[in-house]
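So the chains spell out like this:
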Amino acid sequence: MLRYKRLGYYCIHVFNNNFKLYCMKRLLLFSIVGLTVFASCKEDDGVTVSTEIKIDEGETIQMIYGETVQLHATRYPEKSLSSIKEWSSSSPNVATVSTLGDVTAVGEGEAIITISTVDDLSASCRVVVTVINIEEIDLDKSKYELNDGETKKIKATVTPADASYKNSLVFKSTDETVAKVNQDGEIQAVSPGKCKIEVTSKDGKNAVCDVEVKPISVVDLVVKLSGEVEINLENPDKTYKIDAYVLPKNASNRKLIWATSDEKIATVADGVVTGVAEGTATITVTSEDGGISKSYTVNVVKKK
């Protein structure tokens, strides 16, 4: 009887141990599965937030005027995410920065470029911009001669060839009533005379050339008459217009001088002849430049 009791206790003990082991194994299995599911959910439904951000190009960047460099930012941990809010420059007159981190050197000096994120992370670097100064400005001519109304272009060369401000030269005329100049160096003759064109650089270098605008002389005078020149005094509002012009048509001085031989018979103003009394008068037109003249007879009559 005692033997059977001990055997029963042994069986119960073995059963209990096996059951505990079984339960522990199941609990471990469920834990692993749970962690796997949690990790899977973490990877699918969420992201690791950045704790730090740095500019890859370093703390200080040396640049030359006109140069452009793209900056890159790395988030830490490296696989974390953090949306960029903006790039900014402390001195846009020295260095500008685009929304993509492109930095352009626009002036001599220093600027702090900063990147910031929507979750309040930021990183900065110092940009130092230097310039290559112009040593000399050389013009292809010391004097430009133009005819009235003509255009010519100044060719300006700077030394050294890679100078920072070589594309920022300023052109100016000392007398725009004689000649004008645009910022591409193109001279436009306005009227006969003399003046100077000054070329200056942003870093203080300059060059000067003389400009002379020569007049275009009148070589001939053309007068147009249509039919007989006759004015009827019975029609006091009736006038006669004589059309005249000089050649060439682009002559510098195209002014005409009109005159009548007898103002008691007919008057003339700007080619418009008006009869005053019966008779005959001679109308003369003369070019102010060159003194070329032509005359025409006007008959003033009284008809009923």
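The following paragraphs examine the structure supplied in this document. Everything numeric here is computed off the predicted structure, so don't read it as measured data. (Residues numbered from 1 in each chain as written. Predicted model: local features only at pLDDT ≥ 70, side-chain atom pairs only at ≥ 80, totals over all residues. Heavy atoms only, no water.)

## Let's talk about the state of the cysteines
Next, step 1: Taken as a whole and judged by the stated rule, the model has zero disulfides.
Next, step 2: No disulfide involves Cys-209; its nearest neighbouring cysteine sulfur is the one of Cys-195, lying 8.4 Å away.
Next, step 3: Looking at Cys-209, the relative accessible area reads 1%, which means it is buried. (Disulfide = S-S within 2.5 Å. Buried < 20%, exposed > 50% of the residue type's maximum accessible area, 1.4 Å probe, protein only.)

## Examining the pattern of salt bridges
Two side chains that carry opposite charge are able to pair once their charged atoms sit near each other.
Next, step 1: Applying the stated rule across the entire model yields eight salt bridges.
Next, step 2: The partner of Asp-210 in a salt bridge is Lys-196, and the shortest N-O contact between them spans 2.4 Å. Here Asp-210 is found in strand β18 (residues 206-214), whereas its partner Lys-196 is found in strand β17 (residues 193-200), with 14 residues between them in sequence.
Next, step 3: Residue class for Asp-210 comes out partly exposed when judged on its relative accessible area of 31%.
Next, step 4: Taking the shortest distance from any N to any O, the salt bridge between Lys-241 and Asp-243 comes out at 3.3 Å.
Next, step 5: In this structure Lys-241 comes out as partly exposed when scored by relative accessible area, which is 42%.
Next, step 6: Three or more residues joined by partner-sharing salt bridges are found here, namely Lys-143, Glu-145, Glu-212 and Lys-214. (Salt bridge = Lys/Arg side-chain N within 4 Å of Asp/Glu carboxyl O. Helix = DSSP H or I, 4+ residues; strand = E, 2+ residues; numbered from the N terminus.)

## Some thoughts on unusual backbone geometry
Next, step 1: Cis geometry is adopted by the peptide bond preceding Pro-160, which originates at Thr-159 and carries an omega value of 0°.
Next, step 2: Look at the link from Leu-247 to Pro-248: it is a cis peptide, with omega at -5°.
Next, step 3: Positioned with a positive phi, Asp-120 is a non-glycine residue whose angle comes to about 70°.
Next, step 4: Residue placement: Asp-120 occurs in the loop between β8 (109-117) and β9 (122-130).
Next, step 5: A residue is classified by how much of its surface remains accessible, and Asp-120, at 72% relative accessible area, is exposed.
Next, step 6: With phi around 55°, Asp-270 is a residue other than glycine that occupies positive phi space.
Next, step 7: Mapped onto the fold, Asp-270 is located in the loop between β24 (266-269) and β25 (272-275).

## Observations concerning the nonpolar core
Next, step 1: One finds Ile-137, Ile-154, Ile-187 and Val-211 to be the most contacted residues of the largest nonpolar core, which totals 25 residues.
Next, step 2: Broken down by element, the residue count for this core peaks at four residues, all from β18.
Next, step 3: Other than its neighbours up to four places away in sequence, Val-211 contacts Tyr-144, Leu-146, Ala-179, Ile-187, Gly-193, Lys-194, Cys-195 and Ile-197.
Next, step 4: In terms of nonpolar packing, the next biggest core, distinct from the first, is built from 21 residues, Val-223, Leu-256, Val-268 and Ile-292 among them. (Core = buried A, V, L, I, M, F, W, Y, C linked by side-chain atoms within 4.5 Å. Contact = heavy atoms within 4.5 Å.)

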